[in-house]
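Residues per chain, in single letters:
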Amino acid sequence: MAAAIVTRPADSARPASGIDRLAFRLDVLEAARLLEIPYLVVHGTEDEAVPVSEAEALAAAAGELATLSLIDGAGYTMNAKHPFEGSNHELERAIDLTAGHLGANLPERGV
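Every value quoted in this text rests on a predicted model; they were computed, and no experiment measured them.

With that out of the way, let us pick up the pairing of strand β2 (residues 66–71). Relative to β2, strand β1 (residues 39–44) is paired through 6 bridges, and the arrangement is parallel. Note on β2: the bridge partner recorded for Val 41 is Leu 68. Assessed by its sense of winding, the connection that carries the chain from β1 through helix α3 (residues 52–62) to β2 is right-handed.

Shown next, in the form of structure tokens:
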């Protein structure tokens with residue numbers, strides 16, 4: 001799932017305090033551009049909290065290093081309930097995508 005996209009204010013002068021200072025420090029798109037490792041963005045197409053466009057922007061910021069996987073019909077929590085009532089198709093898909101990404105991109109370590 002993608003975090004809400006917060007971008008740096010146009011004026012590069014460091015804000016004095018408050019939410020503007022936080023936005024200055026949390027430029028998610030710039031952080032994505034600076035990554036030099038493969039990463040995965042998993043997002044539900046029915047997420048009412050974070051628009052799909054933000055997941056798309058995050059993946060686009062890193063170009064070829066990012067993989068965007070949209071899960072059809074999944075909401076913000078991949079349709080999991082609280083308290084947890086068990087898994088479902090959307091949550092299992094997110095888990096499988098994440099495990100596959102980690103398996104393909106983490107270096108093997110001797111035991």
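The next point concerns unusual backbone geometry. Looking along the chain, the bond that leaves His 82 and enters Pro 83 is cis, with omega of -5 degrees. The topology assignment puts Pro 83 in the loop between β2 and α4 (89–105). Of note, the phi angle at Met 78 is positive, near 55 degrees, even though the residue is not glycine. Mapped onto the elements of the fold, Met 78 is located in the loop between β2 and α4. Judged by its relative accessible area of 2%, Met 78 is buried. Positive phi is not limited to glycine here, since Asn 79 has a value of about 70 degrees. With respect to the helices and strands, Asn 79 occurs in the loop between β2 and α4.

Take α4 next. With 17 residues, α4 extends 24 Å from end C-alpha to end C-alpha; this agrees with the ideal 24 Å at 1.5 Å per step. Listed in full, the buried residues belonging to α4 are Glu 90, Leu 91, Ala 94, Leu 97 and His 101. Relative to the axis of α4, the buried residues are bounded by an arc of 125 degrees and lie together on one face. Seen from the buried face of α4, the exposed residues on the opposite side, beyond 90 degrees, are His 89 and Gly 103. Buried positions along α4 lie against β1 and β2. Put simply, Asn 88 is the residue that caps the front of α4, since its side-chain oxygen is 2.9 Å from the backbone nitrogen of Glu 90.

Rules behind the numbers
- Residues numbered from 1 in each chain as written.
- Predicted model: local features only at pLDDT ≥ 70, side-chain atom pairs only at ≥ 80, totals over all residues.
- Heavy atoms only, no water.
- Pairing = 2+ DSSP bridges.
- Helix = DSSP H or I, 4+ residues; strand = E, 2+ residues; numbered from the N terminus.
- Right-handed = clockwise from strand over helix to strand, strands pointing away.
- Buried < 20%, exposed > 50% of the residue type's maximum accessible area, 1.4 Å probe, protein only.
- Expected span 1.5 Å × (residues − 1).
- Arc of directions from axis to C-beta.
- Contact = heavy atoms within 4.5 Å.
- Polar contact = N/O pair within 3.5 Å; in protein donor to acceptor, adjacent residues only side chain to side chain.

None of this, on its own, says anything about what the molecule does.
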